[in-house]
Amino acid sequence: MWLVTKIAADPRDHERFVLYLLHENGETTSISVDQNVLVEFCLKKGTELDEFTFEEIVYADAVKKAYHAALLFLASRMRSEKEIVDHLKKKGHTDAIIRDVLHELRKHRYVDDREFALAFVRTQMNTTLKGPIVIAQELENFGIAEALIDESLRLFPIEKQRETAKKIVEKAKKQSKKRSSLEWKQQLMQLLQRKGFSRAVIADVLSDMDDWQTEEEEWEALEYHARKIHRRYAHYSGWEYERKMKQALYRKGFSLEQIEKVLLRLNEE
């Protein structure tokens, strides 16, 4: 049995109090508890506590500490339940304490994986150039259930996906030029796949790529690469030179007919 001999404000935290305790065997100790724990257990000077109640108080205070840690973690942005769990585990809290903290957070709507997923999709859709597949993967990493991921991604309609994918294509084309139409399509397809767009959306967005480059632009790209590759293989001659040039330019996506023309141009110079 423990006897509360004194209660004083905790100088390190104005929301906590120090309990000074005397055990029936003469042992003394002190513990710091949250003010809400003080009220919950009606603690005051002269209160007697059996061992079970003492352990309950210690556990309830541990839950309060973890709860405050979770609230502090939530202060910067919304969090998923998995983020809360991982954060509290890193701080050394037990599974039982974390379970009770999550119960309180849910009760007060401080954590809600459905609202988290919906808000996350809205933000990513409106502020980034990510496709739904990448967004879904990120939500999965946050521990969001598959059903909630599917529901939240309905906020990202096909029309909006096409619009975002086209922005990526436009941006990429401005940053780099001198490519064949075929190479453009291949590289943009890979880029859009990495960004998380479906094959259907990619095919739709790239369907008009043939109109992107005029014959003049295609020729400029061919000539640019031909001269660059020529400098690499200029020490070769005859059939070996022609073979290496054709292979290199063909890999760049130019047709054999185009390659023959540019090689003829180079030979005439």
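Look up a bit, the structure's there.
Per chain, residue numbering runs from 1 following the sequence as it is written. Per-residue local features of the predicted model are confined to residues with pLDDT of at least 70, and side-chain atom pairs are confined, for both listing and counting, to 80 or more; whole-chain, interface and lining totals are unaffected and use all residues. Just so you know, side-chain values use all the structure's heavy atoms and leave hydrogens and water out.

Peer 1: Looking at this model, I keep getting lost on the side chain of His-23. Mind explaining?
Peer 2: Helix and strand assignments follow DSSP, with helices taken as H or I runs no shorter than four residues and strands as E runs no shorter than two, numbered in order from the N terminus. Relative to the helices and strands, His-23 resides in strand 2 (residues 16-23). Overall, His-23 belongs to the buried group, its relative accessible area being 12%. Polar contacts, as counted here, are pairs of nitrogen or oxygen atoms within 3.5 Å of one another; within protein the pair requires one atom able to donate a hydrogen and one able to accept it, and residues that are adjacent in sequence qualify only if both atoms are side-chain atoms. A polar side-chain atom of His-23 sits 2.9 Å from a polar atom in the side chain of Glu-51. Setting aside residues up to four positions removed in sequence, His-23 forms contacts with Met-1, Trp-2 and Glu-51. The rule is simple: take the accessible area with a 1.4 Å probe, protein chains only, and divide by the maximum for that residue type; under 20% is buried, over 50% is exposed, in between is partly exposed. We call two residues in contact when some of their heavy atoms are within 4.5 Å.

Peer 1: I keep staring at the pattern of salt bridges and nothing clicks. Help me out?
Peer 2: Proximity of charged atoms lets side chains of opposite charge pair with each other. Here, a salt bridge means any Lys or Arg side-chain nitrogen found within 4 Å of an Asp or Glu carboxyl oxygen. This model, assessed by the stated rule, comprises 18 salt bridges. The salt bridge involving Arg-77 is made with Glu-83; its shortest N-O contact spans 2.6 Å. For Arg-77, a relative accessible area of 37% translates into the label partly exposed. Taken together, the shared-partner salt bridges connect Arg-16, Asp-61 and Lys-65 into one network.

Peer 1: Explain the packing of helix 3 (residues 81-90) against helix 4 (residues 95-107) to me, please; I cannot follow it from the model alone.
Peer 2: Axes are the key here: two packed helices are described by the angle between their axes and the distance separating the axes. Across the interface, helix 3 lies against helix 4 with an axial gap of 10 Å and an inter-helix angle of 140°. Accordingly, the angle class assigned to the pair helix 3 and helix 4 is oblique. When the axes of helix 3 and helix 4 are compared, the crossing they make is right-handed. Contacts between helix 3 and helix 4 pair Glu-81, Ile-84, Val-85, Leu-88 and Lys-89 from the former with Asp-95, Ile-98, Val-101, Leu-102, Leu-105 and Arg-106 from the latter. The axes are straight lines fitted to the C-alpha atoms, using for helices just the contacting stretch, and the angles between their N-to-C directions are given from 0 to 180°. Angle categories are assigned with fixed cut-offs, so that under 35 degrees is roughly parallel, over 145 is roughly antiparallel, 65 to 115 is roughly perpendicular, and the rest are oblique. Crossings are sorted by hand: turned counterclockwise from the far helix by less than a right angle, the near helix makes the crossing left-handed, and turned clockwise it makes it right-handed.

Peer 1: Would you take a moment to explain the sheet that holds strand 1 (residues 2-9) for this structure?
Peer 2: Note on sheets: strands pair through backbone hydrogen bonds, and any given pair is parallel or antiparallel. Here, any two strands with at least 2 DSSP bridges between them count as paired. Spatial ordering of the open sheet is given by 3-2-1-4, a layout of 4 strands whose pairing is antiparallel. At either margin of the open sheet sits one strand with a lone partner, and together these are strand 3 (28-34) and strand 4 (48-49). Both strand 1 and strand 2 contribute to a ladder of 7 bridges, which runs antiparallel. From the neighbouring strand, Val-4 faces strand 2, where its bridge partner is Leu-21. Docked against the sheet, helix 2 (residues 51-74) engages strand 1, strand 2, strand 3 and strand 4, running at close to 40° with respect to strand 3.

Peer 1: Is there a simple way to think about a positive patch on the surface in this case?
Peer 2: Like-charged residues within 9 Å of one another, or nonpolar side chains (Val, Leu, Ile, Met, Phe, Trp, Tyr) within 5 Å, are grouped into patches, provided each residue has over 30% relative accessible area and no salt bridge. Here the open area of atoms and residues is found with the Shrake-Rupley method and a 1.4 Å probe, where only the protein chains shown may cover a residue. Charged residues are defined narrowly, with Lys and Arg counted positive, Asp and Glu counted negative, and His plus the chain ends left uncounted. Think of each charge as sitting on NZ of Lys, CZ of Arg, CG of Asp or CD of Glu. There is a patch of like positive charges on the surface, built from Lys-228, Arg-231, Arg-232 and Arg-251. No other element matches the 3 residues that helix 11 (residues 215-233) contributes to the positive patch. Tracing the backbone through its elements, the reader meets Arg-251 in helix 12 (residues 238-251). With relative accessibility at 58%, the residue Arg-251 sits in the exposed group.

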